[in-house]
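An overview of the molecular structure
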Amino acid sequence: MMRLPRFRYLAPTKLSEAAAILADLGTQASVLAGGTDLFPNMKRRQQTPATVLGLRRIASLRERSGDPRSGMTLGALTRLSEIEHDSAIAAAFPALQHAAASVATPPLRNMGTLGGNLCLDTRCSYYDQGPEWRAAIGYCMKKDGEVCWVAPGSPRCWAVTSTDTAPVLCALGAEVTLVSAAGERRIPVTDLFADDGIHHLTRKPDEILSAVHVPAPSGRSTYVKLRRRESFDFPVLGIAASARLRDDGAVEDVRIFVGGTGSRPLEAREAAQWLAGRKLADEDVLREAAELVAHVARPLQNTDFSMSWRKQAAREFALRALRNLLA
Amino acid sequence: MADGTDLRPFNVLGKPLRRVDAFGKVTGDTRFADDFAMPGMLHMKLLRSTVPHARIVSIDATKALAMEGVRAVLTGKDFPVPFGILPVSQDEHALCLDKVRFVGDPVVAVVATEELIAEEATRLVEVRYEPLTTIASPEEALRVPEPRIHEYGDTGNIHKAVALDFGDVPAALASAHLVTEDYFFYQGNTHLALEQHAALAYLGTDGRMTIVTSTQTPHYVHRAVAKVLGIPASRVRIIAPPQGGGFGGKTDPFNHEIVAAKAAAITGRPVKIALTREEVFYCHRGRHPVLMRMRTGVDREGRILGHSVETLLDGGAYGSYGVASTFYTGALETVTYRIDRYRFRGCRTFTNKPPCGPKRGHGTPQPRFGLEVHIDKICEKLGRDPAQWRIDNAVAQGSLTANWLKVRTIGLVPCLEAVVRASGWKDRFRKLGRGRGLGIAASSYLCGAGLPIYWNDMPHSGVQLLLDRSGSVTAFCGAAEVGQGSDNVLAVLVAEVLGIDVPDVKVVTGDTALGPVDLGSYSSRVTVMMGNAAVEAAQRARERLEEACGLGIPVERVAFGGGRVFDASDPSNGISFAEAVQRAESKFGTIGTVGSYRPPKAPGSYKGAGVGPSPSYSYTAAVVEVAVDEATGIVRVEKVWIAHDIGRALNPVLVRGQVEGSVYMALGEALMEEQAFRRLPPRLSGALVHQTPSMLEYKSLASLDMPAVETILIENPEPNGPFGAKEVGQGPLLPVPPAVANAVYDAVRVRVDEVPITPEKVLAALRSSAKRYGPSKFPVVPWPDPLIVAPPWEGGDGSASNEPKRRERPVRRAEVVKP
């Protein structure tokens, strides 16, 4: 069987203690929430931290405050299955509930956390492999090698953001709190991500993502996920949208984010600008907007499905997402 | 009475009783190979090749050996004797000797006190390779004869090419009303059994080398281990515990089993190896990717005058069952619909990929896919309903086919009629509107291969019974319970004949030291062969009890049932079964009986006639309903109706389970599964790697993707089966992929002539001018001169006119019934 490498395990009970440990160890340590991403990666030797810092004993990270209707704060350790089964969240933020419910499988959602899902490592079919497999291709830029096999001439890594909740939280205008020994900062979720397959988070090595703040819903939201199967799979395309409509059905404000194609959730700004003031009920308007959303999705040959098909499917799935805002 | 003609009510047969191993499975009591552990056990890891094709220049294990906890390092030099499942393909070494042939080929074994230490130590072994040209596809193998992946085989990188002519097919096509030619491709896929292979080997104080291993074929592992290790077979014991699925993936003797045994001999300690999922992808032996060309001529009524099949198989790096697989891509084309003349060409090539072998349906799902889609197209050209065409052209009961296969009972027509009725075919086919469609297909499969893997005249299966004076009966058999329910079949058959409760039969199986040989759980043979042996053994036990029961009646009147032995005319006159055993034991001494089974001789005697014959053939028909999204090409299977000719269902719940499992596996193959490889840009890398060696990224259906399945069992008792039973483990997979393809055509009028039928291919077909996706050429293959075998109705005797007579056995003319 696949064995974990050796590591030291620390499990403080206070966030400040955890922050102090990270201040000391920095990149030598990995932060552990549900473990559904970190442990498989460690088994494949993609990450071999000397120390694993477990957060599970820190009760404050499970706390929740506020109310979905007026804005809420979810502790980073909130399990995905809690979000999935929360009727108040489902009513206020159907997109968030749907995104959480579409992650992996029920047992993994019982372990996986919201904070962990946001910090999910980027994925790539050349990278998410065992050490011998990676040795057989001469490794890649993201781990132990120099080339990005997805785009061999490229100076950067093109591993793909594969979190379902991130595009939704971006579209909802959510924020996260990052805590370190030096203090804490609160940033928009959109600023948590960087467009690079290796350095995909702006979280500093000494910071712990402690909470997610979701503002009061300001309209409708939706999340459409493309994948091979009805469960289990990571998104190869995830389109999240949140919109405020005027009484006449015209769009007052819309935010659209695309996950599963680039190294970070990408905002479809041109589509949003096109839709502003226009009516979603107009099929021509929708088609043009879907085209602009698909423009943002630039799939590469490093996930399931062929690149060209995903590009074609993006238009159709964008259309479906936008139609959902009407329903 | 056990030939299926018995009309009396049964004691336990046909009843949906809980299977004998059910509680063990659901409570976790069942011990699979990986659950075995021993005191002082060492752990083994294999270092596998990271290059696709190379000569091994040097192996330096100094650093690994120096690591604390490492007990032994083994290399190819420790295994000079080759092995392989077929006598004609002894081409594997337990660890690579001088060459590696694919990424994943095992090169070095490290044995250590902990699995993690063994794993870390493998990374300290330095192997230097001298790369050789990589051969990635059959087309490349045909084009590049040198370097040869193996030094044996027909020529260059062709492992095996065969050519058989049953009558003059070109003449038949020339006289046909309509000739249709099609090209098909069936992608390779793997078994994906949930249980990963594990083995524990130890040299016992009794001097026996014992290996507890996940194998469907303990007998063949027994032979391979004795051969490679050079120890007498009498000192080797193979234990095959129940398995979490095999599907053909555990039917070869495997390198890791043999290496573990050698390591146990060297270290004097038990040695365990548990493969990772990635390693299981490298063991493979799965479905061969097959490119096909079919050409068929029919007369005005649609009768097939001549049928020609050419297949090109991507064999991967070793022989495995490949020679048999090659013949199987042609052998069963004739057993469903009447075919007057038949021409077959099959070629298997070596490539630098994990070896292909037998997966559920072994070599037959690929040409079955081609044939059933091909017929759909022919019917459309003829303006015939494809369901009715199949009914009209079904092979008749008792036929001898063009390629000399004797088919006895045939439930094909009732199967077709059942799915036509259940699916509302007549009102719904071609009438569901754009985006929704129905497709039909039918198929047939063996109930056990007629010949063993190595030539011998001994039984294919034996059962030994021990009757205890407590009334309990123990049944011993070498058969391997791989999850299919063979233990249950054994217990139920013995209980039925002896009239006792199923729990009163204890089964001891899968242990070469404790039961008579059964050749293994492959070719859908166990219910038929072990079952017939069990019935024979139980009949013999029954005769002893009849004779000794002392009821004072003629033996014909002695009845067995409800745990009693009694007078059929006066049931009050009787004794308990235990009492009967005691009386028999008093009279004869300890009561033990044996039974064994050998399939009937096949009528054909040409070279190649050994692949295809079977005591009987099961039949299946399926209708599939799909919804196709034209914007994306995404196909959703809405429902499957499937009817299976089971002969007699010994336990209908188990039969349905096998049918549904087959549908599940077939839909995976039809829609998404691919044993696909990635070749990196050659100027940057020599890599040729499995694209998705993981459960997550090798896509097969999850439960939410599984449609509703309506299963219909057709019972038409088969005289060669125990109480009339036929197989169900493999056959029901066969009609499903072509039925999906035919349904997609009904929905959106495009042909996807290959599997898997992915959204990419459907969309490409929709946007193409030909409204088709699939191969359009077949490479030039240097076929050997064909063997000329006249069909039975053209004066043949089952031999080839242009080869020396292989055996003198003139066919009995009475056997010749034209389909």
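Structure: above.
Residue numbers restart at each chain and count upward from 1, following the sequence in its written direction. In the order they appear in the text, chains get letters beginning with A and ligands get numbers beginning with 1. A pLDDT threshold of at least 70 governs which residues receive local features in this predicted model, and a stricter bar of 80 or more applies before side-chain atom pairs are shown or counted, although totals over entire chains, interfaces and linings include all residues. The basis for the side-chain values is all heavy atoms of the structure; hydrogens and waters are excluded.

**What about the environment of B:His53?**
All names here are of chain B. Worth spelling out the cut-off: In this description a helix means any DSSP run of H or I spanning at least four residues, a strand means any run of E spanning at least two, and both kinds are numbered starting from the N terminus. We call two residues in contact when some of their heavy atoms are within 4.5 Å.
Take His53: it is sitting in the loop between β1 (42-48) and β2 (54-60). Each C-alpha atom of the pair His53 and Gly207 lies 39 Å from the other, and the pair is 154 residues apart in sequence. Not counting residues up to four positions away in its chain, the partners in contact with His53 are Lys99, Val100, Pro131, Leu132, Thr133, Thr134, Pro147, Arg148, Ile149 and Asn352.

**A word on the packing of helix α6 (residues 218-229) of chain B against helix α7 (residues 255-267) of chain B**
All names here are of chain B. Heads up, the condition is: Orientation is described by lines fitted to C-alpha atoms, with helices fitted over the stretch in contact, and by angles between N-to-C directions that extend from 0 to 180 degrees. Roughly parallel refers to an angle under 35 degrees, roughly antiparallel to one over 145, roughly perpendicular to one between 65 and 115, and oblique to any angle outside these ranges. Each crossing is labelled by how the near helix is turned from the far one, with a counterclockwise turn of less than a right angle marking it left-handed and a clockwise turn marking it right-handed. Only Asp, Glu, Lys and Arg are considered charged, only Ala, Val, Leu, Ile, Met, Phe, Trp, Tyr, Cys and Pro nonpolar, and every remaining residue, Gly among them, polar.
Contact geometry for α6 and α7: axes closest at 10 Å, N-to-C directions at 50°. Classed by the angle they form, the pair α6 and α7 counts as oblique. Considering only the axes of α6 and α7, their crossing is right-handed. Between α6 and α7, the contacting residues are Val221, Ala224, Val225, Val228 and Leu229 on the first element and Glu257, Ile258, Ala261 and Lys262 on the second. In the contact of α6 with α7, the residues fall into seven nonpolar, no polar and two charged.

**Here we look at the packing of helix α10 (residues 365-382) of chain B against helix α11 (residues 386-393) of chain B**
All names here are of chain B. Two elements in contact, α10 and α11, have axes separated by 9 Å at closest approach and are oriented at 110°. As summarised for this structure, α10 and α11 are arranged roughly perpendicular, according to the angle between their axes. Across the interface between the two elements, Glu372, Ile375, Asp376 and Cys379 from α10 touch Pro386, Trp389 and Arg390 from α11. In terms of residue class, the contact of α10 with α11 is built from four nonpolar, no polar and three charged.

**Let's talk about the environment of B:Glu279**
Residue and element names in this part refer to chain B. To keep it simple, the criterion reads: Only protein chains enter the accessibility calculation, which uses a 1.4 Å probe; a residue is then buried when its area is under 20% of its type maximum, exposed when over 50%, and partly exposed in between. Any pair of nitrogen or oxygen atoms within 3.5 Å is treated as a polar contact; in protein, a donor-acceptor pairing is required on top of that, and neighbouring residues in sequence qualify only through side-chain atoms on both sides.
As for its placement among the helices and strands, Glu279 is situated in helix α8 (residues 277-283). A residue is classified by how much of its surface remains accessible, and Glu279, at 7% relative accessible area, is buried. The spatial distance from the C-alpha of Glu279 to the C-alpha of Ser694 is 9.6 Å, given a sequence separation of 415 residues. What Glu279 contacts, discounting residues up to four positions off in sequence, is Lys45, Leu46, Arg48 and Ala274. Within the local environment of Glu279, its side chain forms a polar contact with the side chain of Arg48, the two groups lying 2.9 Å apart.

**Re the interface of chain B and chain A**
For clarity, the cut-off: Buried area counts how much accessible surface, traced with a 1.4 Å probe, disappears from two parts once they are put together, with both parts' losses summed. Between Lys or Arg on one side and Asp or Glu on the other, a salt bridge is scored when a side-chain nitrogen of the former is within 4 Å of a carboxyl oxygen of the latter.
Chain B puts 46 residues into the contact, and the matching count from chain A is 36 residues. When the two sides are added together, the surface that chain B and chain A hide from each other amounts to roughly 3,400 Å², 56% of it contributed by carbon and sulfur. Counting the surface chain B buries against chain A, the share from its top three residues, B:Arg678, B:Leu696 and B:Glu760, is 16%. Taken together, the links from chain B to chain A amount to seven salt bridges. One salt bridge in this structure joins A:Asp233 and B:Lys699, with 2.8 Å as the shortest N-O distance. Those elements giving two or more residues to the side of chain B that touches chain A turn out to be α3 (115-122), α8, β27 (688-690) and α19 (759-766) of chain B. Among the elements that make up the side of chain B that touches chain A, the one with the highest residue count is α3(B) (five residues). Looking at the side of chain B that touches chain A residue by residue, the classes come out as 24 nonpolar, eight polar and 14 charged.

Everything listed here is a matter of coordinates, which is why it stays silent on function.
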